[in-house]
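The primary structure of each chain is shown beneath.
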Amino acid sequence: MEELNLVQAVNRALARAMADDPSVVVLGEDVGRDGGVFRATDGLWTRFGDERVIDTPLAEAAIAGVAVGMAAQGLRPVAEIQFTGFIYPPIDQLVNHASRLRTRTRGRLACPMVLRAPCGGGIHAPEHHSESPEAMLAQIPGLRVVLPSSPARAYGLLLAAIRDPDPVVFLEPTRLYRALREPVDDNGEALPLDRCFVLREGKDITLVTWGATVVETLAAAELLAGEGIAAGVIDVATLHPLDQETIVAAVRRTGRCVIAHEAPLSGGWGAEIAARLAEHAFASLLAPIQRVAGYDTVMPLPRLEAHYLPSTQRIAAAARRAMGFA
Amino acid sequence: MTASGASLSRFIGPDGLAVAALPDFARDAAELVRLYRAMLLTRAFDEKAVALQRTGRLGTFAVSLGQEAVSVGVAAGMRAEDVFLPSFREQGGQLWRGVTPLELFLYWGGDERGSDFKGPRQDFPICIPVGSHPPHAVGVAMAFKLRREPRVAVCVLGDGATSKGDFAEAINMAGVWNAPAVFVVNNNRWAISVPLARQTAARSLAQKAVAAGIPGEQVDGNDVVAVRATVERAVERARGGGGPSLVEALTYRLGDHTTADDASRYRDDAEVSPHWAEEPVLRLRRHLTATGAWDRAREEQAIAAAAAAVNADADRYLATPAQPRETIFDFTYAAMPADLDAQRRAALGGA
């Protein structure tokens, strides 16, 4: 089995989906001859031609809007937004059209599109290239919001997103694009959407996270293990619709929970998960739910971004606070 | 003036007399009568919708009084297999393409089933967020192009929508890709209270096509023959691989923006009244009468027929029960996610 990094896994999934289904098309800025600024679409233009791998003018709202029109016609467009800082104009198309076309036509028209975008900080990128807007997307009814946290999950979840009959925003953690490799079987098998992945079992405390923060959270779990604390790690993967059952079941067993994410604390998706736990695991809680997140600040420029991103130490410290609660 | 400097396309003047040799379809009196009846039906629908709204039986509604020739003419210039992407004042075109008065009443009465058209299954529901739908037309057109289907996407937007970025992005993209799409600006001179002069400093809206590198032309939007002929030519050019274009249809909004608007707050009768002499229904009636294809008896019969059709569907609408409340949830996704199903069950009292 080939060892791939995350951006290569995305590339393989796109190629597989395009080879399997002629209705899959890729569009976005520089996705064609250039293969994308992160090379996620590398080789697709040569292999599938410029009718299916479409370089667009520099117009993010229309990239999303064109995908809506294509999807309503039964194509399966995979549109790329180059960086999350440029995803805000497409949000109009996602909120007002993509996510509600099925509802407002009572199923006559649907919108099986995927909007891919790199997200998150940690690669010393320019301003507007490092934000984590998943919570504002995750509140949109009718949309799916998916964040993979490893090459294998990126491959399987992107295939699932492309095959899904409804619109999916697929946010790829930029920091993980080339950070690690793992064996990925390019067998065309999708992973389930709307499901968490339990990455580590632990009886003492449950660490809930997604995206790039999975790396620091797993490291924190390892650190805690050395201190005699058995921490489980859950990768939420699909933020919306949420797999509440898996998270609630885990926290009912451990009674303690840390939620870690890069996006700002207030109104982050961790707040939603904490509310669900308060409602459905209240009697099992042995300590207040801890959140470790980015701050309610503008994403700092590269020289300070390490202080903003949830670190292994911050996550471990939050877990110790929960463990120490009388 | 059009973008190219040619004069406004017009076949029938306000007095009903032909000012140019009519296109083939307009030499057939029966076809002109068909267009006329479609405009009467639109006007009858609007009148009934306003009456229902005023008596608390319909929601806020956007009347198309005075603009019937644009809407009907655009739809008449399309083929059934084309896709129509209308804004919210295009009931004339929707009716022409087979959306029923019942469906329109349901929609404006607050029932999503009104956008589940039984006729034109692939037409888009009306676009409420102004000017956000031109990119959809490009996407639809690109799907046709990829599948080698000789079909065209036709998007109608208002004059206000031409100020939006989505419109500029869409016509630019359509030009780059030679997409089989036609964009029609229904220029009724008013975006709620903002007149065209405060919308743009451009000499015309058609000239916005110049920057996108696509043809742009102006047509008399109160002459249904000219609208149909112009749109038909643009649609057939796109169908034949000749690319997208922009048509600006000049008309006038004789009514309020919607039933929630009071246009007397921002424009007076002296501004509006001259435009009554230009309006499209009167114009085609004069033409049909002058050519002997129409008379008072036919007029009375046609108005009664349009009113009867609209009233019958209004009665059906009023007799249609609301959807079961679980349908709030049932079309959010193709399959019900477990998370949403929990809310659904709670809402229905089951959990």
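Residues numbered from 1 in each chain as written. Chains lettered and ligands numbered in written order. Predicted model: local features only at pLDDT ≥ 70, side-chain atom pairs only at ≥ 80, totals over all residues. Heavy atoms only, no water.

**Side note on the overall build of chain A**
Phase 1: Along the backbone of chain A there are twelve helices and 14 strands.
Phase 2: Computed over its C-alpha atoms, the radius of gyration of chain A comes to 19 Å, within 12% of the 20 Å expected for a compact globule of 326 residues.
Phase 3: Expressed along its principal axes, the backbone C-alpha trace of chain A runs to roughly 60 × 40 × 40 Å.
Phase 4: Across the 326 residues of chain A, 63% fall into the buried class.
Phase 5: Put simply, 82% of the contacts in chain A that link residues at least 6 apart link residues at least 24 apart.
Phase 6: Counting every atom, chain A has about 11600 Å² of accessible surface; 53% of that belongs to carbon and sulfur. (Helix = DSSP H or I, 4+ residues; strand = E, 2+ residues; numbered from the N terminus. Rg over C-alpha atoms; globule rule 2.2 N^0.38 Å. Buried < 20%, exposed > 50% of the residue type's maximum accessible area, 1.4 Å probe, protein only. Contact = heavy atoms within 4.5 Å. Areas by Shrake-Rupley, 256 points an atom, 1.4 Å probe, with all protein chains shown as cover.)

**Here's the deal with the nonpolar core**
Most often, soluble globular proteins have nonpolar side chains that are buried together.
Phase 1: Membership of the largest hydrophobic core comes to 83 residues, with the highest contact counts inside it found for Ile273 of chain A together with Val138 and Phe183 of chain B.
Phase 2: Setting aside residues up to four positions removed in sequence, Phe183 of chain B forms contacts with Pro134, Ala137, Val138, Cys155, Leu157, Ala170, Ile171, Ala174, Pro244, Ser245, Leu246 and Val247 of chain B.
Phase 3: If you look at the next biggest cluster of nonpolar residues, it comprises 44 residues, including Phe25, Val152, Val227 and Val235 of chain B. (Core = buried A, V, L, I, M, F, W, Y, C linked by side-chain atoms within 4.5 Å.)

**So, the sheet that holds strand 7 (residues 245-250) of chain B**
Residues and elements named next belong to chain B.
Phase 1: A sheet is described by the order of its strands in space; here five strands give the open sequence 1-2-3-7-6, paired in parallel fashion. Looking at the sheet topology across the chains shown, the edges are occupied by strand 1 (83-85) and strand 6 (216-220). With direction set aside, neighbouring strand axes in the sheet form an average angle of 20 degrees.
Phase 2: Direction of pairing for strand 6 relative to strand 7: parallel, over a ladder of five bridges. Pairing of Asp220 across the sheet is with Leu250, part of strand 7. (Pairing = 2+ DSSP bridges. Axes fitted to C-alpha atoms, helices over the stretch in contact; angles between N-to-C directions.)

**Overview of the interface of chain B and chain A**
Phase 1: Counting residues at the interface gives 43 residues for chain B and 45 residues for chain A.
Phase 2: Overall, the association of chain B and chain A removes approximately 3600 Å² of surface from exposure, summing both partners, and the carbon and sulfur fraction of that is 59%.
Phase 3: Applying the counting rule to chain B against chain A returns three salt bridges.
Phase 4: Glu112 of chain B serves as the salt-bridge partner of Arg106 of chain A, at 3.2 Å between the closest nitrogen and oxygen.
Phase 5: Counting the contacts that link chain B with chain A gives 21 residue pairs in polar contact (both at pLDDT 80 or more).
Phase 6: Of all the elements in the fold, those that place two or more residues in the side of chain B that touches chain A are helix 5 (134-146) and helix 6 (165-177) of chain B.
Phase 7: When residues in the side of chain B that touches chain A are grouped by element, the largest group, nine residues, is from helix 5 of chain B.
Phase 8: The residue inventory of the side of chain B that touches chain A, partitioned by class, reads 23 nonpolar, nine polar and eleven charged. (Buried area = accessible area lost by both parts, 1.4 Å probe. Salt bridge = Lys/Arg side-chain N within 4 Å of Asp/Glu carboxyl O. Polar contact = N/O pair within 3.5 Å; in protein donor to acceptor, adjacent residues only side chain to side chain. Nonpolar A, V, L, I, M, F, W, Y, C, P; charged D, E, K, R; others polar.)

**Quick look at the packing of aromatic side chains**
Phase 1: Per the stated rule, a full pass over the model turns up eleven aromatic pairs over all chains.
Phase 2: Centre to centre, the rings of Phe45 of chain B and Phe61 of chain B are 5.8 Å apart; their planes meet at 70 degrees, and the pair counts as edge-to-face. Taken together, the residues Phe45 of chain B in helix 1 (residues 29-54) and Phe61 of chain B in the loop between helix 1 and helix 2 (68-76) connect sequence positions 16 residues apart.
Phase 3: For Phe45 of chain B, a relative accessible area of 0% puts it in the buried group.
Phase 4: Ring-pair connections join several aromatic residues into one group, and the members of that group are Phe45, Phe61, Phe105, Tyr107, Trp108 and Tyr317 of chain B.
Phase 5: Across from the ring centre of Phe197 of chain A, 5.9 Å away, lies the NZ or CZ of Arg153 of chain A, which sits over that ring.
Phase 6: Sitting over the face of the ring of Phe25 of chain B, Arg228 of chain B holds its NZ or CZ atom 4.1 Å from the ring centroid. (Phe/Tyr/Trp six-rings, centres within 6.5 Å; stacked < 30°, edge-to-face > 60°. Lys NZ or Arg CZ within 6 Å of the ring centre and 35° of its normal.)

**What to know about the sheet that holds strand 13 (residues 257-264) of chain A**
Residue and element names in this part refer to chain A.
Phase 1: Pairing is mixed in the open sheet, where five strands are placed in the order 9-11-10-13-14. What marks the edges here is a single partner per strand, and that holds for strand 9 (197-200) and strand 14 (290-294). Going from strand to strand, the sheet's axes swing by 25 degrees on average, the running direction of each strand aside.
Phase 2: With five bridges joining them, strand 10 (residues 205-209) and strand 11 (residues 231-235) adopt parallel strand pairing. The partner of Ile205 across the bridge, within strand 11, is Ala231.
Phase 3: Here helix 12 (residues 312-324) sits on the sheet and contacts strand 10, strand 13 and strand 14; the angle it forms with strand 14, its principal contact strand, is near 165 degrees.

**Describing the domain arrangement of chain A**
Residue and element names in this part refer to chain A.
Phase 1: In terms of domain boundaries, chain A breaks down into domain 1 (2-184) and domain 2 (197-324).
Phase 2: Placing a centre on the C-alpha atoms of domain 1 and another on those of domain 2 gives a separation of 26 Å.
Phase 3: Each side of the interface is counted separately: domain 1 has 30 residues, and domain 2 has 27 residues.
Phase 4: By the criterion of area lost to domain 2, the three top residues of domain 1 are Leu147, Arg153 and Arg175, representing 24% of everything that side buries.
Phase 5: Linking domain 1 to domain 2 there are three salt bridges.
Phase 6: Between Arg175 and Glu262 there is a salt bridge, and its shortest N-O distance comes to 2.7 Å.
Phase 7: When residues of the side of domain 1 that touches domain 2 are traced back to their parent elements, those giving at least two are helix 6 (134-138), strand 6 (144-146) and helix 7 (151-163). (Domains from an automatic or database assignment.)

**Observations concerning the layout of surface pockets**
Phase 1: Considering only enclosed or pocket space, the largest pocket measures out at about 500 Å³ in volume.
Phase 2: Along the walls of the largest pocket sit 20 residues, with Gln244 and Arg276 of chain A together with Ala338, Asp339 and Ala342 of chain B positioned nearest its centre.
Phase 3: Breaking the lining of the largest pocket down by element, the ones donating at least two residues are helix 9 (244-254) and helix 10 (269-280) of chain A together with helix 14 (338-347) of chain B.
Phase 4: Counting residues per element, the lining of the largest pocket draws most heavily on helix 14 of chain B, at six residues.
Phase 5: The residue makeup of the lining of the largest pocket, split by class, is nine nonpolar, three polar and eight charged.
Phase 6: Counted as a void, the second largest pocket has a volume near 320 Å³.
Phase 7: In this structure, the second largest pocket is lined by 16 residues; those nearest its centre are Gln139, Pro141 and His240 of chain A together with Leu340 and Gln343 of chain B.
Phase 8: Within the residue set of the lining of the second largest pocket, elements represented by two or more residues are helix 10 of chain A together with helix 13 (327-330) and helix 14 of chain B.
Phase 9: Taken together, the residues of the lining of the second largest pocket break down into eight nonpolar, five polar and three charged. (1 Å grid on protein atoms, 1.4 Å probe; cavity = no way out; pocket = protein on both sides within 12 Å on 5 of 7 lines; lining within 4 Å. Points joined across faces, edges and corners; volume = space filled by probe spheres on them.)

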